[in-house]
Amino acid sequence: MAAKTLYDKIWDAHLVAEGDGETILYIDLHLIHEVTTPQAFAGLRAAGRPVRRPDRTLAVADHNVPTEGQALGAGAVADEEARLQLLTLERNVAENGIEYFPMGDLRNGIVHVVGPEQGRTQPGMTIVCGDSHTSTHGAFGALAQGIGTSEVEHVLATQTLRQAKSKNMRVTIDGTPAPGVGAKDYALAVIGAIGTAGGTGHVIEYAGEAIRALSMEGRMTLCNLTIEAGARAGLVAPDETTFDYIRGRPAAPKGAAWDMAVAHWKSFFTDEDAVFDREIVLDAAQIAPLVTWGTSPEDVMPIDGRVPDPASFATADKRASAERALDYMGLTAGQPITEAKIDRVFIGSCTNSRIEDLRSAAAVVQKAFLEGRLVAPHVNAMVVPGSGLVKAQAEDEGLDAIFKAAGFDWREPGCSMCLGMNPDRLAPGERCASTSNRNFEGRQGRGGRTHLLSPAMAAAAAIAGHLTDVRDFI
Amino acid sequence: MKPFTHIDAKAAPLALSNIDTDQIIPKQFLKTVDRIGLSKGLFYDFRFDEAGQEKPDFVLNQPAYKDAGVLIAGDNFGCGSSREHAPWALLDFGISCVISTSFADIFYNNCFQNGLLPVVLPAEAVEDLMAQARGGNHVISVDLAAQTVTAPDGRVYGFEIDPSRKHKMLNGLDAIGETLQKAPDIDVYESARALDTPWLERA
């Protein structure tokens, strides 16, 4: 039998039928939220089609929820369209018997935080959601990908997806990272190396000792950002770290079923002789804390570097894009990036809002606080936990007290300022150190300037008042 | 789904790489529960200034391109968010074909669900079409059955497309209806899986 990759094995285990070009793939878990589902449910209703497996579907409210006053419920959301969208989701899940964690429920939060946290995300699964950052769940060795609304409707109706198989790519990261360097830097390093279209048409498996050493939170950050490298899905083979994370969570198998499940999960790994269509190798020890300078996640540079000169890019297209990006970002070629004075700090998003992210940011803040330093006076800094449960755990650990004492705003869970669909957004010209995933023009608010970086780097920037090297803070 | 067969139209050149779906339709237009009327948000920050006034220099605001049916764009068009509002907005504006050297996977896939044809051509072909489209006094033809793009000067470029996607697009087939014909296969699969992974059976 031919050697298979992890992706091949998950794919093969979910084949329902094969046709010409497209395969019908069974979907184990369908995560849904308010923004990309109303038209799908309307389509089902118009065609008189039921939801095939409500039990394999889980709904949350995350994209357009405000990050304060959530206990008042959807009816209290000020934005009329956002309120209607939330109420539409409530109606759709009630009519179809779908489990739903509404705004204000302790279990609610960002969809890609909630699935793993509830134990719904498990190795070897196929997972979809009408959100490109569904790649996050690949951290568990699940084939997880973002889909459009028509496909959401298709999955609701059939519990399957029609798809052509992608190619296999492997990114191996060996070595030991320097202090202050972690999963976010690995991800930005990969995107910087292969570009935002580098993974197009591929599923990326992450391997190597630096990946094995990552926590589940770190693996989720890495897989989350896989879509920014153009690949719809990222994968990390499950191991003891994975099983330890899942054990005891609400939807985790219990008793004898646990042993059966672990045995099943252990079958999902890449065979030694498996061949990848493309291989990338990085050395963790060579990766510095990274930050973006432009308006594409591939515009990556080390924090101790200088803003690149557009003339240094290879093609006319790239030179034009770089010039446009520098103009938009208000930066000058050749200037040290640490000169960039910031107005806002956002610690949150499906990329970096889990407990470990908050711990790493809080550690930087606490050390500075003990040295008498607070959030710089001109900076508005916010921390938005990924879920009600993350928020509660952080409060149990006293992290909120550290953030608040230093001058951070401690918010309620949601997608918040990552995409500016809710009241949290940048004003034109504002510069933000952000732990989110996209620095696109206007992403965090029209005219807003986003620098992507790790939670520890964001915390350091909040204190310094400008982009700064976290290695000076640890 | 509306079929796509053939179009003769003006093509608007948009020579930028990595045009993401946030740029194609910004977040404030995603709060709708409908899939119609989204042209008002298409390329909003490119088309309008902060006061909501049209920016005259943007290609789709120029009189010659207001009725463009084809868009020619730089590499990696449609990257970023999975929002299907992007193809909905393009179609609502009257654009039913986008030509580029490459598309992001999710956007590419979403196009086929809606009868918006994404055409991939080599860089030289895209550059040639982009150059010929400048000025706006031209007609470009795209034929799905023949898999060709005919430039204003008569030059013909062939393009590749997956045969099953082509078939569905030409006939405007409903993917869900097609899959539901395989319901017995799905039943069989589910029964087998219930034995393999019983802990996933929550019902």
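None of the values given here were measured: they were computed from a predicted structure. (Residues numbered from 1 in each chain as written. Chains lettered and ligands numbered in written order. Predicted model: local features only at pLDDT ≥ 70, side-chain atom pairs only at ≥ 80, totals over all residues.)

A word on the overall build of chain A
Secondary structure summary: chain A contains 15 helices and 19 strands in total. Against the globule reference of 23 Å for 474 residues, chain A gives a C-alpha radius of gyration of 21 Å, in line with a compact fold. When the backbone C-alpha atoms are referred to their principal axes, chain A occupies close to 55 × 55 × 45 Å. In chain A, which comprises 474 residues, the proportion classed as buried is 61%. Excluding contacts between residues fewer than 6 apart, the proportion of contacts in chain A whose partners are at least 24 apart in sequence is 77%. (Helix = DSSP H or I, 4+ residues; strand = E, 2+ residues; numbered from the N terminus. Rg over C-alpha atoms; globule rule 2.2 N^0.38 Å. Buried ≥ 20, exposed ≤ 12 C-beta atoms within 10 Å, placed from the backbone. Contact = placed C-beta atoms within 7 Å.)

Description of the sheet that holds strand β8 (residues 160-163) of chain A
Residues and elements named next belong to chain A. Spatial strand order, β1-β2-β8: three strands in an open sheet with antiparallel pairing. Looking at which strands have only one partner, the edges of the open sheet turn out to be β1 (15-18) and β8. Going across the sheet, the axis of each strand differs from the next one's by a mean of 20 degrees, ignoring polarity. Sheet analysis places β1 next to strand β2 (residues 23-26), joined by three bridges and oriented antiparallel. Bridged to A17 within β2 is I24. (Pairing = 2+ DSSP bridges. Axes fitted to C-alpha atoms, helices over the stretch in contact; angles between N-to-C directions.)

A closer look at the domain arrangement of chain B
The domain boundaries assigned to chain B delineate domain 1 (6-172) and domain 2 (174-203). Centre-to-centre, using C-alpha coordinates, domain 1 of chain B lies 36 Å away from domain 2 of chain B. (Domains from an automatic or database assignment.)

Details of the packing of helix α12 (residues 355-370) of chain A against helix α15 (residues 455-464) of chain A
All names here are of chain A. For the pair α12 and α15, interaxial distance at closest approach is 8 Å and the crossing angle is 30 degrees. Between α12 and α15, the interaxial angle falls into the category roughly parallel. For the pair α12 and α15, the crossing hand works out as right-handed. The segment α12 lies against α15, with D357, S360, A361, V364, V365 and A368 engaging P455, A456, A458, A459, A460 and I463. Taken together, the residues of the contact of α12 with α15 break down into 10 nonpolar, one polar and one charged. (Parallel < 35°, antiparallel > 145°, perpendicular 65-115°, else oblique. Left-handed = near helix turned anticlockwise from the far one by under 90°. Nonpolar A, V, L, I, M, F, W, Y, C, P; charged D, E, K, R; others polar.)

Examining the confidence of the model for chain B
Chain-level pLDDT for chain B is 95 on average; 100% of the residues reach the 70-or-more range. Scoring the predicted complex yields pTM 0.97 and, for the interface, ipTM 0.96. (pLDDT = per-residue confidence, 0-100.)

Quick look at the pairing of strand β18 (residues 431-434) of chain A
All names here are of chain A. Covered by surrounding structure in β18 are R431 and A433 together with C432 and S434, the residues of both alternating faces. Where strand β15 (residues 344-347) and β18 come together, three bridges link them in parallel fashion. Note that in β18 the partner of R344 across the bridge is C432.

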